[in-house]
Amino acid sequence: SKRRRRRLIMAACTTAAPATVSSSGVQQHNHHHRQQRKKDKMVVIMGATGTGKSRLSIDLATRFSPCEIVNSDKMQVYKGLDITTNKIAFHDRREVPHHFLGEFDTDEVGELPASEFRERAELTISDIISRKRTPFLVGGSNSFVYSLLVEEYDPDSDVFNDSNSVSSKLRYDCCFLWVDSSLPVLYEYLDKRVDDMLDLGMFRELAEFFDSDELDRDLEIPAGLRKAIGVPEFHRYFKKYPPGKYKDLDRVRRGAYEEAVREIKENTRQLAKRQIGKIMRLRRAGWDLRRLDATATFRLLLMDGSDDDDSDWRSVWERQVLEPSVKIVKRFLEE
Ligand code: ATP
């Protein structure tokens, strides 16, 4: 195929460059110098949905300033549905610049393919590095992370369903942090997070989203932002009970609402499980992921019920997740 041929040609170019003899007779291995060029450094924060990647990224980015964050959550790249997709709030970003957060209009671009994310994010990262800042890649979409980091990316191969095709040859010098948790605790925590998101206004946000010609759309094959968990589930609800038409939450309506919430919780759990499976696959293929265990933090958050910064969970988070991460990143950046 054309791609294979190109790959072979490129391989030939890098291995067959001859050593040249200069006028002084000293051999110069030009290509060798090129190959020795150090790869650019990047911190990569991975983990399933809801594990606290954004929190950790801000904690680290403020400590190792100046840093900039490149988002790799495939739903958060789109404009809109900030609560539903759980984008980090502006005031929580603590002035750390964020890229690819709400930058694309799904009505204009449809769906952003991983191959395009790879090309665009590569440019953004070069720019961050040229300004002498450290890039942090943060987000749960493993297909985006994979496409951006591997040396050779084949958009046609389904790496996560074909274990042999996962590559461990990366084009950056990466420091991988993986925020993980025991699955039962994470599940319970994710249920709570869905309730918290609803309290924050997720239902209202979706009602506004569907309060246009949106309801007439065929969501059988959703694309882009319309794939976000919450949209298909509430699409069914709003089809029956269009936004604005019904004032009171009658019993039937409440039942349909509860059904949608139940589906959202179930789909969020499934997403987390799939994401952890993909992360473990990368690790088995040789990606050097450093696992940080946030289980105890989530247990406390479930007991506390509050997200206040001065609660007990914060000190456990610091001891078990933040401090080990700081050590790892410090060593990596000093190398
Ligand atoms: P895939 O193999 O599906 O491309 P991926 O690792 O690239 O996996 P995921 O992040 O696992 O991407 O997202 C898969 C699906 O999970 C999305 O299509 C969407 O339905 C849901 N999803 C992911 N992130 C979010 C989010 N932030 N908000 C809402 N739904 C999300």
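Read on for an overview of the structure. This structure is a prediction, so every number in the text was calculated from the model and none was measured. (Residues numbered from 1 in each chain as written. Predicted model: local features only at pLDDT ≥ 70, side-chain atom pairs only at ≥ 80, totals over all residues. Heavy atoms only, no water.)

**Overview of the sheet that holds strand β4 (residues 67-71)**
Okay, so step 1: If you trace the 6 strands from one edge of the open sheet to the other, you get β5-β4-β6-β3-β7-β8, paired in parallel fashion. Looking at strand neighbours, the two that pair on one side only are β5 (98-99) and β8 (289-293), the edges of this open sheet.
Okay, so step 2: In this sheet, strand β7 (residues 173-180) lies alongside strand β3 (residues 41-47) in parallel orientation, the contact comprising 7 bridges. Across the sheet, residue G47 finds its bridge partner in β7, namely V179.
Okay, so step 3: Relative to β3, helix α6 (residues 142-149) is tilted by about 160°, and along the sheet it contacts β3, β6 (134-138) and β7. (Pairing = 2+ DSSP bridges. Helix = DSSP H or I, 4+ residues; strand = E, 2+ residues; numbered from the N terminus. Contact = heavy atoms within 4.5 Å. Axes fitted to C-alpha atoms, helices over the stretch in contact; angles between N-to-C directions.)

**What to know about the site of the ligand**
Okay, so step 1: Surveying the vicinity of the ligand reveals 15 residues, the closest of which are K74, S141, S143, K227 and K278.
Okay, so step 2: In the environment of the ligand, a nitrogen atom lies 2.9 Å from a nitrogen or oxygen atom belonging to the backbone of I229.
Okay, so step 3: With respect to the ligand, the side chain of K278 contributes an N or O atom lying 2.6 Å from an oxygen atom.
Okay, so step 4: Protein chains bury 81% of the 600 Å² of accessible surface belonging to the ligand in isolation.
Okay, so step 5: For the shell around the ligand, the elements supplying multiple residues, two or more each, are α6 and α10 (251-284).
Okay, so step 6: Tallying contributions element by element places α10 first for the shell around the ligand, with 3 residues. (Near = heavy atom within 4 Å. Polar contact = N/O pair within 3.5 Å; in protein donor to acceptor, adjacent residues only side chain to side chain. Areas by Shrake-Rupley, 256 points an atom, 1.4 Å probe, with all protein chains shown as cover.)

**Things to note about the pattern of salt bridges**
Okay, so step 1: Within the structure shown, the criterion is met by 20 salt bridges.
Okay, so step 2: The partner of K265 in a salt bridge is D195, with the nearest N and O atoms 3.0 Å apart. Of this pair, K265 sits in helix α10 while D195 sits in helix α7 (residues 183-200), placing them 70 residues apart in sequence.
Okay, so step 3: Using a relative accessible area of 34% as the deciding quantity, one classes D195 as partly exposed.
Okay, so step 4: It is possible to trace a salt-bridge network through shared partners that takes in E68, D127, R131 and R133. (Salt bridge = Lys/Arg side-chain N within 4 Å of Asp/Glu carboxyl O. Buried < 20%, exposed > 50% of the residue type's maximum accessible area, 1.4 Å probe, protein only.)

**So, the packing of helix α8 (residues 202-210) against helix α9 (residues 231-240)**
Okay, so step 1: Packing of α8 against α9 brings their axes to within 10 Å, and their N-to-C directions diverge by 70°. As the angle between them shows, α8 and α9 are arranged roughly perpendicular. Crossing hand, α8 versus α9: right-handed. Across from F203, L206, A207, F209 and F210 in α8, the residues of α9 making contact are V231, F234, H235, Y237 and F238. (Parallel < 35°, antiparallel > 145°, perpendicular 65-115°, else oblique. Left-handed = near helix turned anticlockwise from the far one by under 90°.)

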